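Examining the three-dimensional arrangement
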Amino acid sequence: MVVLSFGVALLYVNRANHLARNNAYVLHAGQRLSLEPLRDRQRNLEILCEGHIRNFHELFFSLEPDLQLIKRNIEEKALFMTDNSGKRLYSRLVEKRYFHDVVMRDYRYIVESDSIEVDYASYPFHFTFYGKQAIEKGRFTTYRNLTTSGYLKEVGTTPNNLNGIKILDFKVLDNSDIRDQ
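About the thresholds
Residues numbered from 1 in each chain as written. Predicted model: local features only at pLDDT ≥ 70, side-chain atom pairs only at ≥ 80, totals over all residues. Heavy atoms only, no water. Helix = DSSP H or I, 4+ residues; strand = E, 2+ residues; numbered from the N terminus. Buried < 20%, exposed > 50% of the residue type's maximum accessible area, 1.4 Å probe, protein only. Contact = heavy atoms within 4.5 Å. Areas by Shrake-Rupley, 256 points an atom, 1.4 Å probe, with all protein chains shown as cover. Salt bridge = Lys/Arg side-chain N within 4 Å of Asp/Glu carboxyl O.

1. Focus: the overall build of the protein chain
- The number of helices and strands found in the protein chain is five helices and seven strands.
- The burial tally for the protein chain puts 33% of its 181 residues in the buried class.
- Here the analysis covers contacts within the protein chain between residues at least 6 apart in sequence; of these, 57% occur between residues at least 24 apart.
- When the accessible surface of the protein chain is summed, it comes to about 11600 Å², and 52% of that surface belongs to carbon and sulfur atoms.

2. Description of the environment of Phe-99
- Positionally, Phe-99 belongs in helix α5 (residues 98-104).
- Contacts of Phe-99, omitting those with residues within four sequence positions, involve Leu-63, Leu-67, Ile-70, Ile-74, Tyr-90, Leu-93 and Val-94.

3. A look at the pattern of salt bridges
- Summed over all chains, the structure comprises five salt bridges.
- Residues Glu-46 and Arg-43 are paired through a salt bridge, measuring 3.1 Å at the closest nitrogen-oxygen approach. Placement of both Glu-46 and Arg-43 in helix α2 (residues 41-61) is noted, with a separation of three residues, approximately one turn of the helix.
- A salt bridge links Arg-108 to Glu-64, with the shortest nitrogen-to-oxygen separation between them at 2.7 Å.

By themselves, these are just geometric observations and shouldn't be taken as functional.
Dropping the structure here:
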């Protein structure tokens, strides 16, 4: 009887362990959204990569007129998601007083993702992000294209990079004005 109970318990533990390894969850505003378990490792990777790209762009390019918030989002979050290419871009913007100007002019930047293309056929995975930046300037809004590219590499997970993905060779390809409203 003890052996049978032990066998059944072992079976349930093994099944629970298998299910836990094959689940992916979507986080929105720190809250886990329910999803059907994903059994496909490739689909899990796609969700992680595209979420990582989207999250990085929101942290780096969505700006409120609050210098402490900007620094916290970029220095304490976004820069852990990229290699030195992202850090160099941030340093150049700081040197040009770009973020200071955002605050002083009381502008608000909002990133809108249009699409993300990731080439999973070769590693590291090349990506291109297509989106727009809405820049609220008082009663007026300016829209800009935002097209970026880079590569994604799997790295170890850390408390600062829970996805275990790093953006390499990050470049802004287009950040031109579209129209004013």
